[in-house]
Protein chains: 2
Amino acid sequence: MVKSDKYAIGVDLGGTFIKFGLVSSEGVIEKKLKLKTNVENGHEPVAAAILEGVTGLIESGVKVTGIGIGSPGTVNPSKGTVDTPPNFPNWGVVPLAKIIEKKSGIETFIENDANAAAIGELIFGAGKEYKSFILVTLGTGVGGGIIFKGKVFRGEFSTAGEIGHMSINQFNGPKCNCGGIGCIEAYLGNKHLVAAVKKELPAHTSSKIYELMDYNFDNLTPQIISKAAEQGDQYAKSVIIDCGEKLGMVLASACNLLDISTIIVGGGVAGFGSVLYESAEKSTKSRVLGSISPRIKVIPAKLKNDAGILGAASLVFDKNK
Amino acid sequence: MVKSDKYAIGVDLGGTFIKFGLVSSEGVIEKKLKLKTNVENGHEPVAAAILEGVTGLIESGVKVTGIGIGSPGTVNPSKGTVDTPPNFPNWGVVPLAKIIEKKSGIETFIENDANAAAIGELIFGAGKEYKSFILVTLGTGVGGGIIFKGKVFRGEFSTAGEIGHMSINQFNGPKCNCGGIGCIEAYLGNKHLVAAVKKELPAHTSSKIYELMDYNFDNLTPQIISKAAEQGDQYAKSVIIDCGEKLGMVLASACNLLDISTIIVGGGVAGFGSVLYESAEKSTKSRVLGSISPRIKVIPAKLKNDAGILGAASLVFDKNK
């Protein structure tokens, strides 16, 4: 290796695992590592695990320019603090970037994981060609990040981009984990989506989904729906088209408010592929204001499984931070 | 007069009238003028009318620093152009600011009218104390402008802030003029609101609204609903509370996306007063993400009838443009 003259260490801090990558300025992951987060006893064991991972990736002869951390919770990038991520007990406001920087001797940057993913797409991925876009990640939850003129739009307290908690149905929508009604996450978040399909399946007895999930509803995942659609299953395809249509409902509101017309979709459910993107684009175009409609583009994210690591590493290479 | 050492001319360009004001840097209107827009024959007669109004306001001994124009349609403030405002036939992309600047010899600024109103609140009004806020104007339509860290957030093509065309009910909502479904404008825009009340009134025969509108449905306006509520009419009050609740539905989505937590409400329907603001604040707080909820504030705009003139004039005094 050592093909690049600049490397960063990307740290994807999750509730169960911390994933590490030694990443070149071209976005190539040269080495990877995964450690348990040890989340139970406050921030010190977590910081120790981050340092262990960082040390494990540093090689002699490789110049590491910086460390980037993508963290859940409310992150203040300029202060380098993380405020009580969900599922991280005994935190409070922790100056995590400073702790890592001091102990490693390497300049350290930190961002909310959704914003880090958006910067990752901007620096290494589908956002390279666009100065302004909304990143939507479809997974357990529906996350988002806003890039405007090459910079993250963070809002007042760095929590902007919560597109998952914009509602498309305030009157009769499903209840969301956040307490809201009709949030797009309450339709498209993995569990919600799977639950809705389970309810509908009895009316679609010839669907390929049955065989793919071994006739066991407990095995149903978005990936199985995706596979069934690829095999030509009409019901599975209709589920994906419906997801795109609902996504377009929320994107239309977001695009009208922000006047940003490029949407990059990533995350697990984005594995639904072109059927999803095309449906979402069609739905958005048909609902958004006429002046914006011709500009609307819904495209897939380029960063896939390692999006967390690459997003974190991109913080080091982002010149607009 | 001549109490201030700095004056601007604010030009509020409307489809029927152009309103002009000679405005001090403290936001005091010293002189006003109103001319017909003469909209039928393209931009030249409109530009001529603007110059006539400007000339009419200039006095010997008064130093006019600049002219500010608040215009409908898609405005490019850096190029100074206005692109085909609705109801202005035979336009296209007109370099209106340059035309006025060249002929008057006075530096001229132009903004979309909704953004101008937001800058007006920032420089002269309720936004003085806030660096970031969303301005919502409730009138014939529902307009909006976003101020973030003391600057207008314009989006990619200067049309950001269209909060009126964010939907709260994509499934069963009323159809909006924009073609969308369930846009907040389709609930709270004057005509829509009045139509909904007309439908409900037969079930509220003891409402004071009847007397106030002379038992003639054609006379019904938001002002009459407001008056009835002031006189203790319970039905009228419930209409206003319902407006606030619906406004909160859309504000929750907007605040989650932007992480901006101060909302300034202006325009005619805002005459509904504290009942409206309190209901909107309560509704927003109950729906927005828990991390943002304690910060939510819904407050009245300070600029009232002359908001258009003051907003336009504020463009001259805005140092962050």
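Residues numbered from 1 in each chain as written. Chains lettered and ligands numbered in written order. Predicted model: local features only at pLDDT ≥ 70, side-chain atom pairs only at ≥ 80, totals over all residues.

If you tally the helices and strands in chain A, you get 10 helices and 13 strands. Radius of gyration (C-alpha) of chain A: 20 Å, near the 20 Å computed for a compact globule of 321 residues. Classification of the 321 residues of chain A by burial places 55% in the buried group. For chain A, contacts bridging at least 24 residues in sequence account for 62% of all contacts bridging at least 6. (Helix = DSSP H or I, 4+ residues; strand = E, 2+ residues; numbered from the N terminus. Rg over C-alpha atoms; globule rule 2.2 N^0.38 Å. Buried ≥ 20, exposed ≤ 12 C-beta atoms within 10 Å, placed from the backbone. Contact = placed C-beta atoms within 7 Å.)

Residues and elements named next belong to chain A. Here 5 strands make up an open sheet; going across it, the order is E3-E2-E1-E4-E8 and the pairing mixed. One side of each edge strand has no neighbouring strand; the edge strands of this open sheet are strand E3 (29-36) and strand E8 (108-112). In this sheet, adjacent strand axes meet at a mean angle of 20° when their direction is disregarded. Sheet analysis places strand E4 (residues 64-71) next to E8, joined by 5 bridges and oriented parallel. Following the sheet pairing, Ile67 is matched in E8 by Thr108. (Pairing = 2+ DSSP bridges. Axes fitted to C-alpha atoms, helices over the stretch in contact; angles between N-to-C directions.)

How big an interface is tends to be stated in terms of accessible area lost as the parts join. Taken together, the 33 residues of chain A in the interface contact 34 residues of chain B. Ranked by the residues each element gives to the side of chain A that touches chain B, the list is headed by helix H8 (residues 234-258) of chain A, at 7 residues. For the side of chain A that touches chain B, the residue count by class is 15 nonpolar, 14 polar and 4 charged. (Nonpolar A, V, L, I, M, F, W, Y, C, P; charged D, E, K, R; others polar.)

A word on the relation of the copies chain A and chain B. The operation relating chain A to chain B is a screw motion whose rotation component is 180°, with 0.0 Å of axial translation and a residual RMSD of 0.0 Å. Such a combination of turn and shift is consistent with a two-fold rotation axis. Identified as the residue of chain A closest to the rotation axis by C-alpha distance is Asn169 of chain A, at 2.2 Å. (Least-squares fit on C-alpha atoms with pLDDT ≥ 70 in both.)

Across soluble globular proteins, nonpolar side chains show a tendency to be buried alongside one another. Within the largest apolar cluster, 206 residues are counted, with the highest numbers of intra-cluster contacts made by Ile9, Ile184 and Ala254 of chain A together with Ile9, Ile184 and Ala254 of chain B. Excluding residues that lie within four positions of it along the chain, Ile9 of chain B makes contacts with Phe20, Leu22, Val54, Leu57, Val64, Ile67 and Ala313 of chain B. (Core = buried A, V, L, I, M, F, W, Y, C linked by C-beta atoms within 7 Å.)

In this section: the confidence of the model for chain A. All names here are of chain A. When pLDDT is averaged along chain A, the result is 94, and 98% of the positions lie at 70 or above. Here strand E5 (residues 74-76) stands out as the element of chain A with the lowest mean pLDDT, 90, in contrast to H8, whose mean of 98 is the highest. On the interface metric, ipTM, the complex scores 0.94, and its pTM is 0.94. (pLDDT = per-residue confidence, 0-100.)

Before going further, it helps to spend a moment on the pairing of strand E3 (residues 29-36) of chain B. All names here are of chain B. Pairing of strand E2 (residues 17-24) with E3, which is carried by 7 bridges, proceeds in the antiparallel orientation. Bridging from a neighbouring strand, Phe17 pairs with Lys36 of E3. Counting the residues between successive antiparallel strands, the hairpin from E2 to E3 contains 4 residues, one of them, Gly27, with a positive phi of roughly 90°.

All names here are of chain A. One can find Ile100 in helix H2 (residues 96-104). Looking at Ile100, the number of C-beta atoms within 10 Å reads 24, which means it is buried. Separated by 21 residues in the primary sequence, Ile100 and Lys79 place their C-alpha atoms 13 Å from one another. Once you skip the residues sitting within four places of it in the chain, Ile100 turns out to touch Ala47, Ile50, Leu51, Ile67 and Thr108.

Once that is clear, we can look at the packing of helix H3 (residues 113-124) of chain A against helix H10 (residues 307-317) of chain A. All names here are of chain A. Across the interface, H3 lies against H10 with an axial gap of 7 Å and an inter-helix angle of 75°. With respect to H10, the axis of H3 lies roughly perpendicular. On H10, the residues touching Asp113, Ala116, Ala117, Ile119, Gly120, Ile123 and Phe124 of H3 are Ala307, Gly308, Leu310, Gly311, Ala312, Ser314, Leu315 and Phe317. A breakdown of the residues in the contact of H3 with H10 according to their chemical character gives 10 nonpolar, 4 polar and 1 charged. (Parallel < 35°, antiparallel > 145°, perpendicular 65-115°, else oblique.)

Another aspect to go through is unusual backbone geometry. Despite not being glycine, Asp214 of chain A shows a phi value in the positive range, around 55°. Along the chain, Asp214 of chain A falls in the loop between helix H6 (209-212) and helix H7 (222-230). Classification of Asp214 of chain A by C-beta neighbours within 10 Å gives exposed; the count is 10. One non-glycine residue, Ser158 of chain B, adopts positive backbone phi at about 65°.

What follows concerns the domain arrangement of chain A. Residue and element names in this part refer to chain A. Domain assignment breaks chain A into domain 1 (7-113 + 306-317) and domain 2 (126-300). Averaged C-alpha coordinates put domain 1 and domain 2 at centres separated by 28 Å. Between domain 1 and domain 2, the residue contacts involve 6 residues of the former and 4 residues of the latter. The biggest single contributor to the side of domain 1 that touches domain 2 is E5, with 3 residues. Its residues assigned to classes, the side of domain 1 that touches domain 2 comprises 3 nonpolar, 3 polar and no charged. (Domains from an automatic or database assignment.)

Residue and element names in this part refer to chain A. Here helix H1 (residues 43-57) spans 21 Å end to end across 15 residues, near enough to the 21 Å set by a 1.5 Å rise per residue. Residues His43, Val46, Ala49, Ile50, Gly53, Val54 and Leu57 constitute the buried set of H1. An end-on view of H1 places all buried positions within 135° of arc, on one side of the element. Away from its buried face by more than 90 degrees, H1 exposes Glu44 and Thr55. Against the buried residues of H1 lie strand E1 (7-13), strand E2 (17-24), E3, E4, strand E7 (93-94) and H2. (Expected span 1.5 Å × (residues − 1). Arc of directions from axis to C-beta.)

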